[in-house]
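Listed below are the residues making up each chain.
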Amino acid sequence: MFRYVMKRIMYMFITLFVVISVTFFLVRLLPGTPFNEQKLSAEQIAKLEAQYGLDEPVPVQYVRYLTGVFQGKLGTSFKYANQKVEDLIKGRIGPSAMLGVQSLIFGSCVGLILGIVAAIKRNTIWDYLCTVIAILGVSVPAFVVAALLQYYLGMNSSFFPITWGLPLGSDFRYVWTILPSLAMSVWTISTVARFTRTELVEVLNADYIVTAKAKGLSRATVIVKHALRNALIPVITVLGPLAAGLLTGSLVVEKVFAVPGMGDLLVNAINTNDLFVISGVAILYSAFFISVILIVDVLYGVIDPRIRIAGGN
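Below you will find a few notes about this structure. (Residues numbered from 1 in each chain as written. Predicted model: local features only at pLDDT ≥ 70, side-chain atom pairs only at ≥ 80, totals over all residues. Heavy atoms only, no water.)

This part takes up the overall build of the chain. Broken down by element type, the chain carries 13 helices and zero strands. The buried share of the chain, reckoned over its 313 residues, is 40%. Counting contacts in the chain only where the partners sit at least 6 residues apart, residues at least 24 apart contribute 73% of the total. Put simply, the chain shows about 17100 Å² of open surface, and 68% of that area lies on carbon and sulfur atoms. (Helix = DSSP H or I, 4+ residues; strand = E, 2+ residues; numbered from the N terminus. Buried < 20%, exposed > 50% of the residue type's maximum accessible area, 1.4 Å probe, protein only. Contact = heavy atoms within 4.5 Å. Areas by Shrake-Rupley, 256 points an atom, 1.4 Å probe, with all protein chains shown as cover.)

A complete count under the given rule lists four salt bridges for this structure. In this structure, the salt-bridge partner of R64 is E56, at a minimum N-O distance of 2.2 Å. Looking at R64, the relative accessible area reads 42%, which means it is partly exposed. Under the relative-accessibility criterion, E56 is labelled partly exposed at 29%. D127 is the salt-bridge partner of R197, the closest N and O atoms lying 2.7 Å from each other. Taken together, the residues span a long stretch of sequence, with R197 in helix α7 (residues 178–204) and D127 in helix α5 (residues 125–139) at a distance of 70 residues. Judged by its relative accessible area of 23%, R197 falls in the partly exposed class. A single salt-bridge network, built from bridges that share partners, covers R92, K255 and D264. (Salt bridge = Lys/Arg side-chain N within 4 Å of Asp/Glu carboxyl O.)

Right, let's talk about a nonpolar patch on the surface for a bit. A contiguous nonpolar surface patch, about 930 Å² in accessible area, is contributed by M10, Y11, I14, F17, V18, V22, L26, L29 and F70. The element that contributes the greatest number of residues to the nonpolar patch is helix α1 (residues 2–27), accounting for seven residues. Within the fold, Y11 resides in helix α1. (Patch = residues over 30% accessible without salt bridge, like charges linked within 9 Å, V, L, I, M, F, W, Y side chains within 5 Å.)

We now examine helix α3 (residues 58–70). Spanning 13 residues, α3 covers 18 Å between terminal C-alpha atoms, matching the ideal 18 Å at 1.5 Å per step. A positive backbone phi angle near 85 degrees is found at G72, which sits one or two residues after α3. (Expected span 1.5 Å × (residues − 1).)

Our next topic: the nonpolar core. Within soluble globular proteins, side chains that are nonpolar tend to cluster in buried spots. Of all hydrophobic cores here, the largest spans 26 residues; its most connected members are Y65, F78, L265 and V277. Residue assignment for this core shows that the elements contributing at least two residues are α1, α3, α4 (85–120), α11 (262–271) and α12 (275–303). The biggest single contributor to this core is α12, with six residues. With near-sequence residues (within four places) excluded, V277 lies in contact with S77, V85, L88, L265 and A269. Counting 20 residues, the second largest nonpolar core, distinct from the first, contains M184, I236, A243 and V292. (Core = buried A, V, L, I, M, F, W, Y, C linked by side-chain atoms within 4.5 Å.)

Right, let's get into the side chain of S21. The residue S21 is located in helix α1 in this model. Polar side-chain contacts of S21 include one of 2.6 Å to the side chain of Y62. (Polar contact = N/O pair within 3.5 Å; in protein donor to acceptor, adjacent residues only side chain to side chain.)

With that settled, consider the packing of aromatic side chains. As enumerated under the stated definition, the model contains seven aromatic pairs in all. Seen in terms of ring centroids, Y151 and Y152 are 4.9 Å apart; in terms of plane orientation they differ by 90 degrees. Their pairing is edge-to-face. Classification of Y151 as partly exposed rests on a relative accessible area of 47%. Note that R28 overlies the ring of F24, its terminal NZ or CZ placed 3.8 Å from the centroid. (Phe/Tyr/Trp six-rings, centres within 6.5 Å; stacked < 30°, edge-to-face > 60°. Lys NZ or Arg CZ within 6 Å of the ring centre and 35° of its normal.)

Time to look at the side chain of D274. Looking at the secondary structure, you find D274 in the loop between α11 and α12. Given the relative accessible area of 0%, D274 is considered buried. Discounting chain neighbours no more than four positions away, the residues touching D274 are S77, F78, K79, Y80 and A269.

Located in the positive-phi region is N123, a residue other than glycine, with phi close to 65 degrees. If you check the backbone angles, A258 has positive phi at about 55 degrees while not being a glycine. Looking at the element boundaries, A258 is found in the loop between α10 (251–256) and α11.

Another point: the environment of Y151. One can find Y151 in helix α6 (residues 142–155). Taking C-alpha positions, Y151 is 8.1 Å from I162, a pair spaced eleven residues apart along the chain.

Written as structure tokens, this is what we have:
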């Protein structure tokens, strides 16, 4: 198991290095410059480029940036009053992470329940109902769900605010997160429900499940201890990318609800060609995604001993 984990940690660092390098060169291919103010003269622009080190050759900039990244320094923003990128990310990651955790937990729990019910009640009205809900959740875009929630639960209710930070007349500020979390969880509910239903139906027809039933084990024991554990491996696979996307924020949903999170920061940085902010957010997304994939690989070994033994050897 130790070799299994160490091998994947090595792959994680190699992948992260490649992502940092590719991101650095790609953002410099964006059209325009960070200094698009028409009032600036050519001399002023040259001084600003020299101040931020943009007047040096690209390889020199790359080595300096790579050194800073490994020291935890992601550069300085052009737009946000020369603030450090890592400080900007620290101030914005909180709302995105809060929404992501809530939507991931809620979406995973509801999706598992729907998938289990659909598998157990296969070819019944409950199976069809859960399948329709899953299909609708995948088909309807998140910004449509967000707009519907704003109108029906926000406009017609004084308890749910339609935007982040709207005065509520109370100190219960976490109510700001309810509608965005619901909008972000729809895709998770649908995806987890579909995968759980498909895998559980296949597992319930396996020979070892028939043997477990023949031994006199209760239906709940067979499903929870035998069938569900094996069916969860593909579900965990799909939960990895979902968790990375949710915990780092949703661009569209954050814009709809005016959430001051990572999505809003990234969109504004792209619009203003804030190169270091774009690179910093991209690196954060990549690092989080790669870390989640590592956790998923480790969970494979925990859930299925065959994977752990194969990886160790």
